[in-house]
Each structure stands twice: as structure tokens, then as C-alpha cells.
Amino acid sequence: MSPNPWTTLVIVVLTLIGVAAGRFPVIRSNRTTVALIGMALLVAVGQVPFDAIPDYLDFDTLVLLFSMMILNANLKLAGFFDLAGQSLARMARTPRAFLAVEIVLVGVLSALLLNDTVCLMFAPLLLSLMDALKRNPIPYLIALATAANVGSVATFTGNPQNMIIGVASGIPYLEFTAALLPVAALGLGVIWLVLVRMYRYEFLPDQRFELSEIAEKPVNRPLLIKSLSITAGLVVAFLAGVPVAAAAFLAASLLLATRRHKPQQVFAEIDWSLLVFFSALFVVTGSLETSGVTRALIPLDDLARQADTLNLTLLTAALSNLISNVPAVMLLRPVVVNLADPRVGWLTVAAASTLAGNLTLLGSVANLLVAETAALWRVDLSFWEYFKPGFLITLVTLAVSVVYLTMVF
């Protein structure tokens, strides 16, 4: 049975709606099962040959994501995230200073590591600190989520959609970082200004608090030294131009060679469902091209000719909030490839798809992780509470990105 563009389009649209909503109605499901069901339907009706599924998978992206999960797992087991939180507590003495240090620390770590992992590790620590200090945790939680997203703009390894772009674009790691680091740095400053302005009573200039009594947690020093050394070597390899997937895989393999802890401890920290989700999504979005949907329904040549930094940013931001940023990047790949300057197109899509994640609580996995962790502590980070600063942060950071990319490129 030859692929039918309309059949493929219906299945893909329904799947992406389910991914955006986080579930299918009636049945118990999540984003991973929705993507798998969509892939299965495409196979069942002959739109994707079963034996051709491996051809749809972006192997380098999956290896990179898996390898970074191993790196993050070792850092967590070593106590790195607790140590970073303790350092944050010692450095700050006022709410404004604490917020600034938090935003910078989270932004830097999210550029080097996966932003979702940074949120997952820091949210409990932040809630514990704010509880001990009797402070309102909401602005600090919003800072955590938004800084993790903005900081991750700067590198291929900061978030999943940038990993896809890094592999697809072929832009060297250092070149990509040099291009988007100013956008990330300016964006972190925007977060601080917006939150200090919107939560004035929490960040009055004369307020101070004492953090010296915060209890320190144990650290596995041998594992911490090993993990940080390999992480530093990985960054050097990225900067030297070694392919990011290969470098990350070798670093992960070195971390797995150990006598100090069981491999099961590391593998228990890996988000296997996220890897499955990506694999299924590659098949679902790839079917649009192989079945002829993109050629039949999307004027790629015309769209590519008309695209500039502004309208590509708006298109990417809109798609990212409609169907989530990872599917949006996958759908935009054929458009970017046809641009007169694909390099600028990839940089624009990378910045817009990530910054757009700050618009709503549902805009990125990082936001949801923070909100769900807060709920466990009986702290209600509601949709509208997040949206008020999130809307302004997104609007300003996207404007900064458009102006910067237009002026520089």
C-alpha cells in the first residue's frame, strides 16, 4: 500500500494534538504513549513500513540525549546538585542577590546539562530553602523554570530541541554557542528584572536573610571529581569540534566504567520514556515528508523565500506553544533546509523554540517538572500565577532575540 498524504496528515495531526494535550481522551495515556500509538497507526495503515522504522530515527540525537542522561545521573549520585544549592545559599544574603545568583547558576548549568534535569534536581532544594527561610517560594520557582529554559538556549546540550538542531544543522558547537550566548545572557537579565518588578514585596531593597544555618548534605567526592573531570573534558571536546554525539557517548562510557557504584543506580535515573517518546516522534513527523504531505500542502520554496528572522521566530513560537517545541522543530526542519541561509534559520529556530517555552506552564517539560514538584510540597504554582511573569519574559526575550539576530546576522 503506497502512502496517502491525507491519511498520514490526519494521523499526524491527531497525534500532535494528543502530544500537546499530554494525553488522549478516554484511555490512560501520556505523551510517550500518544506518540507510540500514532506511530503504530501509521504502520497499521501502511503509511510507514515497519521494516523502515530505523530509517526515520535520528541516531545521533538519541545517542546524545542518552549520553547526557548518564552524565546527569552521575552528577546527581555524586551530590553535585546539592553542593551547588549549598553554594547558592552561602553566596546570597538578600532576596534580590539570592534571585540573581539562582538565575545565573541555573542558567549556566542548564547550558551545560539538560535543563529538565536541572529543574528536577533544584526544585526540591529550593523549596526546602524557602521553607526554612519562611519566604514565598513562587517567584524563585518561576525563576528556576524560566532561567533553565533561557540558559539552555546557549548550547546544543541544553535542551532536547537544540540537540536535534545541533545534529541536523552541522553548526560547530563553539560557533553555535558564540552566536546564541548573548541571547541567553540578556534573557537571564530580563528574568531578574521582571520578577523583581512583579514581586516587589518579596524583593524590597532593604530586606535581608541569613542562610548560614542551612544544613549541608554529604557529597561523594571521588565520584564528584571523576564526573566533573569528564564533564570538563567533554566541554573541551565540544569546543575542539569533536562531533557532539560521539564526544558525549565516549564521556558517558567513561563514567560507566566504575567500581564504586552499581550500574543499576545510574540506569534508574535515566528517563527511558523520554527516549521512547523521541524515537516515536521522529517516525511520526518524518512520515509527513516520506508520504508527500510537506510537498503537497506546504509551499516550502515560497515559505523559505519569504522567511526572515522575525516571521520565522513568530512561526516557531506559535508552533512551539501549539504542539510543544520538540515537534515544532521537527516539523520546521524542511523549511529551514530550504532557506537561503540555513545557518541563521537554525539559530532563529533554536532561540525561538526554547524561549517560547516560557510563555505558559505547559510550554516546556521544565516548567511542568517545577510545578509538579511544588505540588508535592503543597505549593500551588498555578497556570495564571506562572503566566503573568511568563508572558512578559517570553515577549521581551523573543524581541531581544529577533533584534540581536537581525543586527548580527
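Let us look at the structure shown here. Keep in mind that what you see is a predicted model, and the values were worked out from it rather than measured.

Observations concerning the nonpolar core
Formed by 134 residues in total, the largest nonpolar core has its most connected members in Leu 180, Phe 278 and Leu 381. When residues of this core are assigned to their parent elements, the largest contribution, 12 residues, is made by helix H10 (residues 173–198).

Brief notes about the packing of helix H6 (residues 95–112) against helix H8 (residues 138–151)
The geometry of H6 relative to H8 is characterised by a closest axis approach of 7 Å and an angle of 30 degrees between their N-to-C directions. Where H6 crosses over H8, the two elements pack in a sense that is right-handed. Residues Pro 95, Phe 98, Leu 99, Glu 102, Ile 103, Val 106, Gly 107, Ser 110 and Ala 111 of H6 touch H8, and the partners they reach there are Pro 139, Tyr 140, Ala 143, Leu 144, Ala 147, Ala 148 and Gly 151. Of the residues belonging to the contact of H6 with H8, the class tally is 12 nonpolar, 3 polar and 1 charged.

What to know about a nonpolar patch on the surface
On the surface, Met 198, Phe 391, Leu 392, Leu 395 and Val 396 cluster together into a nonpolar patch covering about 400 Å² of accessible area. Here the nonpolar patch takes 4 residues from helix H21 (residues 383–408), the largest share from any one element. Its place among the elements puts Leu 392 in helix H21. Among the residues examined, Leu 392 registers a relative accessible area of 36% and is labelled partly exposed.

Here we look at the pattern of salt bridges
In the structure shown here, the tally under the stated rule is 4 salt bridges. Across the salt bridge formed by Glu 175 and Arg 343, the nearest N and O atoms sit 2.4 Å from each other. Here Glu 175 is found in helix H10, whereas its partner Arg 343 is found in helix H19 (residues 342–355), with 168 residues between them in sequence. On the basis of relative accessibility, which here comes to 31%, the residue Glu 175 falls in the partly exposed class. In this structure, Glu 385 and Lys 388 form a salt bridge, with 3.5 Å as the shortest nitrogen-oxygen distance. In this pair, Glu 385 and Lys 388 both sit in helix H21, 3 residues apart, roughly one turn of the helix. Accessibility expressed as a relative area gives 22% for Glu 385, which makes it partly exposed. Among the residues examined, Lys 388 registers a relative accessible area of 47% and is labelled partly exposed.

As for helix H12 (residues 244–256)
Here H12 contains 13 residues, and its C-alpha end-to-end distance of 18 Å stays within 8% of the 18 Å for a straight helix at 1.5 Å per residue. Among the structural elements, helix H4 (59–78), H10 and helix H11 (221–239) are those in contact with the buried residues of H12.

Focus: the packing of helix H18 (residues 325–337) against H19
Relative placement of two packed helices is described by the angle separating their axes and the distance separating the axes. It is at 10 Å that the axes of H18 and H19 come closest, and there the two elements cross at 165 degrees. Here H18 lies roughly antiparallel to H19, going by the angle between them. Taken as a pair, H18 and H19 cross one another with a handedness that is right-handed. Contacts from Asn 325, Val 329, Leu 332, Arg 333, Val 336 and Val 337 in H18 reach Pro 342, Gly 345, Trp 346, Val 349 and Ser 353 in H19. For the contact of H18 with H19, the per-class residue count stands at 7 nonpolar, 3 polar and 1 charged.

Some points on H18
The end-to-end C-alpha distance of H18, which contains 13 residues, comes to 18 Å, matching closely the 18 Å that a straight helix rising 1.5 Å per residue would cover. Taken across its 13 residues, H18 has 10 buried, putting it largely inside the fold.

Some thoughts on the environment of Asn 325
Looking at the element boundaries, Asn 325 is found in helix H18. Owing to a relative accessible area of 8%, Asn 325 belongs among the buried residues under this scheme. For the pair Asn 325 and Leu 112, spaced 213 residues apart in sequence, the C-alpha separation works out to 19 Å. Not counting residues up to four positions away in its chain, the partners in contact with Asn 325 are Gln 161, Ser 320, Ser 353, Gly 363 and Ser 364.

Rules and cut-offs
Throughout, residues of each chain are indexed from 1 in the direction in which the sequence is written. Only residues with pLDDT of 70 or above have their local features reported here, since the model is predicted, and side-chain atom pairs are shown and tallied only from 80 upward, although totals for entire chains, interfaces and linings are computed over all residues. Only hydrogens and water are set aside; all other atoms, that is, all heavy atoms of the structure, feed into the side-chain values. What is meant by a nonpolar core is a set of buried Ala, Val, Leu, Ile, Met, Phe, Trp, Tyr and Cys residues, joined one to another through side-chain atoms within 4.5 Å. Using a 1.4 Å probe on the protein chains alone, a residue whose accessible area is under 20% of its type maximum counts as buried, one over 50% counts as exposed, and one in between counts as partly exposed. Only DSSP runs of H or I reaching four residues or more are called helices, and only runs of E reaching two or more are called strands; each is numbered from the N terminus. Interaxial angles span 0 to 180 degrees and are taken between N-to-C directions of axes, which are lines fitted to C-alpha atoms, for helices over the stretch in contact. By definition, any crossing whose near helix is turned counterclockwise from its far helix by less than a right angle is left-handed, and any crossing with a clockwise turn is right-handed. Residue contacts follow a heavy-atom distance rule, with two residues in contact if any of their heavy atoms lie within 4.5 Å. Each residue is assigned to one of three groups, with Ala, Val, Leu, Ile, Met, Phe, Trp, Tyr, Cys and Pro labelled nonpolar, Asp, Glu, Lys and Arg labelled charged, and all others, Gly among them, labelled polar. Here the term patch refers to residues with relative accessible area over 30% and no salt bridge, with like charges joined within 9 Å and nonpolar side chains (Val, Leu, Ile, Met, Phe, Trp, Tyr) within 5 Å. Methods summary: accessible areas were calculated by the Shrake-Rupley approach with a probe of 1.4 Å, and residue burial reflects only the protein chains presented. When a carboxyl oxygen of Asp or Glu is within 4 Å of a side-chain nitrogen of Lys or Arg, the pair counts as a salt bridge. What a helix is expected to span follows from its residue count: subtract one and scale by 1.5 Å. Our angle categories are set so that under 35 degrees counts as roughly parallel, over 145 as roughly antiparallel, 65 to 115 as roughly perpendicular, and the remainder as oblique.

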